Amino acid sequence: MALVKRARVQVVDTAPVNLCHFASGVLDHNFKDVRVSTRSGPKSLKFEAAQFTASATPREDEHLRYMVGVYDQEQNTLTLHPAMTHDMKLTIKGDKGAAALPLAAPPPAALSVGQAIIAARKDLIGTFGGAKKKAEIAAAERNQVKAELVQVMATKMGENMNQAAAMEADIEQEADEFRPIPPFDRDAATPDTIYKFDDLVTPLEQAAMRAVVKPLLKCNSDNIFSWRSMKTYPDFVLDILEGLIALNIPSKSRLQRVIALQYVAWLSWFRMASRRARFTADTMAEDQPNMPEDVRQRMLELFAERSGEGAGYVLSGRNRDMIVSYMLVLSMHAHGFQPLPIGPIASSLGVTVPKLSLHFRSLGCSLSGEEQAKLASLVVPLKFPHVRRGRTAK
């Protein structure tokens, strides 16, 4: 407010002028800039001033009264109006609906020696450095990665990896369910427990087959020669049986092995007989009269599908692969899970060694030896080959 000289002063008895009073704030007696808002609604007074502390509203016995002076420059008069003070709270206009905020920012964290040196160097270059140095500082600030951002990125990457692992587990589970192989145990500690024998040949089937496999239990070299000449059994089944004769093993284990060989022989016949134009349960009974009813019904349920409304059955390509898988696993059981020659089995099944090698790999077997003397071994832990993605080879 401009300094008033020789002004005529008059006191008027009008309505009090409202003043803002801050109980813990400051008032000023040397006003530098006073502005009254002209917007509609309550008026407000804005000013800049030096500090003048007013801790509370004046008491009546202090003989202190606030007045507002209005100077008329044309009339050279100063009119004093009585004033009334009101205690006010300081609020931030942009955050009226928010919780109370601290007026002062929290003190910055103490810098380490290295950080203090970097900050001092940055200030020095900003004040006295050339354009090139300043550009280097600006580029370094743009390229600086904050620790908080790194933590956020690491957390996000961890979440993505967990999601990918869960998705891969789901895909692997779906692949396991679709594999044309017998039931298996990924956590098995020994090869003979990966594909459990009771899952391959049920106990009910084993009981029904005990009378059927007696000739195999008591056979000798002459019997094997006769069966080979009459094509009673596949050659690779007789090869395994011939090696089994010389082994000194418990009778229970020997019985399980010959049951496996007999089941392989029936599966080999089932695989070929199902190619007929009409394949039924009756034709199975006629061709294999010594096959128990329990075995016949399970083979049809496990590998065959009904062909229309008739009594006939057909085998899909996947079911044929399933039969081959059962034959190979049962052959490994009969062979005591020793390395199994692939060539004789491929010859009996009418497939190539490379194609049958893929079947062994799909069971989790490792292969060794040359092409014509390749051996398959089931190893633990069980690992299946990864499915190749891309264009199919012709």
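Everything in this summary refers to the structure shown in the same document. (Residues numbered from 1 in each chain as written. Predicted model: local features only at pLDDT ≥ 70, side-chain atom pairs only at ≥ 80, totals over all residues. Heavy atoms only, no water.)

## Structural notes on helix α12 (residues 317–334)
So, step 1. Its 18 residues place the ends of α12 26 Å apart at the C-alpha level, agreeing with the 26 Å of an ideal helix rising 1.5 Å per residue.
So, step 2. With respect to burial, α12 is a largely interior element, 15 of its 18 residues being buried.
So, step 3. The positive-phi residue at the C-terminal boundary of α12 is Gly336, with phi of around 70°. (Helix = DSSP H or I, 4+ residues; strand = E, 2+ residues; numbered from the N terminus. Expected span 1.5 Å × (residues − 1). Buried < 20%, exposed > 50% of the residue type's maximum accessible area, 1.4 Å probe, protein only.)

## Comments concerning unusual backbone geometry
So, step 1. Across the junction of Val380 and Pro381, the peptide omega takes the value -5°, indicating a cis bond.
So, step 2. If you trace the backbone, Pro381 turns up in the segment after β13 (375–378).
So, step 3. Even without being glycine, Lys231 reaches a positive phi, approximately 55°.
So, step 4. Relative to the assigned elements, Lys231 resides in the loop between α7 (221–229) and α8 (235–245).

## What to know about the packing of aromatic side chains
So, step 1. With the rule as written, the count across this model stands at four aromatic pairs.
So, step 2. Considering the side-chain rings of Phe303 and Tyr326, the 5.3 Å spacing of their centres and the 85° angle between planes classify their relative orientation as edge-to-face. With Phe303 in helix α11 (residues 293–303) and Tyr326 in helix α12, this pair connects stretches of sequence that are 23 residues apart. Residue Phe303 shares its accessibility class with Tyr326, and that shared class is buried.
So, step 3. Linked through ring pairs, Phe270, Phe303 and Tyr326 together constitute an aromatic cluster. (Phe/Tyr/Trp six-rings, centres within 6.5 Å; stacked < 30°, edge-to-face > 60°.)

## Comments concerning the packing of helix α1 (residues 113–128) against helix α2 (residues 131–143)
So, step 1. Relative orientation of the contacting elements α1 and α2 amounts to 135°, with a least axis distance of 9 Å. Taken together, the axes of α1 and α2 lie oblique to each other. With respect to the hand of their crossing, α1 and α2 are arranged in left-handed fashion. Touching Arg121, Lys122, Ile125 and Gly126 of α1 are Lys133, Lys134, Ile137 and Glu141, all from α2. (Axes fitted to C-alpha atoms, helices over the stretch in contact; angles between N-to-C directions. Parallel < 35°, antiparallel > 145°, perpendicular 65-115°, else oblique. Left-handed = near helix turned anticlockwise from the far one by under 90°. Contact = heavy atoms within 4.5 Å.)

## What to know about the sheet that holds strand β12 (residues 365–368)
So, step 1. What the three strands build is an open sheet, ordered β11-β13-β12; its pairing is antiparallel. In the strand order of this sheet, the two ends are held by β11 (340–341) and β12, each with one partner.
So, step 2. Alignment of β11 against β13, held across two bridges, turns out to be antiparallel. From the neighbouring strand, Leu340 faces β13, where its bridge partner is Ala376.
So, step 3. Together, β11, β12 and β13 form the strand contacts of helix α14 (residues 353–362), whose direction differs from that of β12 by roughly 140°. (Pairing = 2+ DSSP bridges.)

## Let's talk about the environment of Ser347
So, step 1. For Ser347, the position within the fold is in helix α13 (residues 343–349).
So, step 2. For Ser347, a relative accessible area of 60% gives the class exposed.
So, step 3. On a C-alpha basis, the gap between Ser347 and Asp235 in space is 8.9 Å, while along the polypeptide they are 112 residues apart.

## A few points about the environment of His335
So, step 1. In this structure, His335 sits in the loop between α12 and β11.
So, step 2. Residue contacts for His335: discarding those within four places in its chain leaves Ile240, Arg257 and Leu340.

## A look at helix α9 (residues 251–273)
So, step 1. The end-to-end C-alpha distance of α9 is 33 Å, a good match for the 33 Å that 23 residues give at a rise of 1.5 Å each.
So, step 2. Burial analysis of α9 places 18 of its 23 residues in the buried class, which makes it a mostly covered element.

## Here we look at the packing of α7 against α8
The relative placement of two packed helices comes down to the angle between their axes together with the axis-to-axis distance.
So, step 1. Across the interface, α7 lies against α8 with an axial gap of 10 Å and an inter-helix angle of 180°. Relative to α8, α7 is oriented roughly antiparallel. Here Ser221, Ile224, Trp227 and Arg228 of α7 come into contact with α8, specifically with Asp235, Leu238, Asp239, Leu241, Glu242 and Ile245.
So, step 2. Here the contact of α7 with α8 is built from residues that sort into five nonpolar, one polar and four charged. (Nonpolar A, V, L, I, M, F, W, Y, C, P; charged D, E, K, R; others polar.)

## Points about the pattern of salt bridges
So, step 1. According to the stated counting rule, one finds seven salt bridges in the structure shown.
So, step 2. Close ionic contact of Asp185 with Lys196 constitutes a salt bridge, the shortest N to O distance being 3.7 Å. One end of the pair, Asp185, is in the loop between α3 (147–178) and α4 (197–200); the other, Lys196, is in the loop between α3 and α4, and 11 residues separate them in sequence.
So, step 3. For Asp235, the salt bridge is made with Arg228, and the minimal N-O distance between the two is 3.9 Å.
So, step 4. We classify Arg228 as partly exposed; its relative accessible area is 25%. (Salt bridge = Lys/Arg side-chain N within 4 Å of Asp/Glu carboxyl O.)

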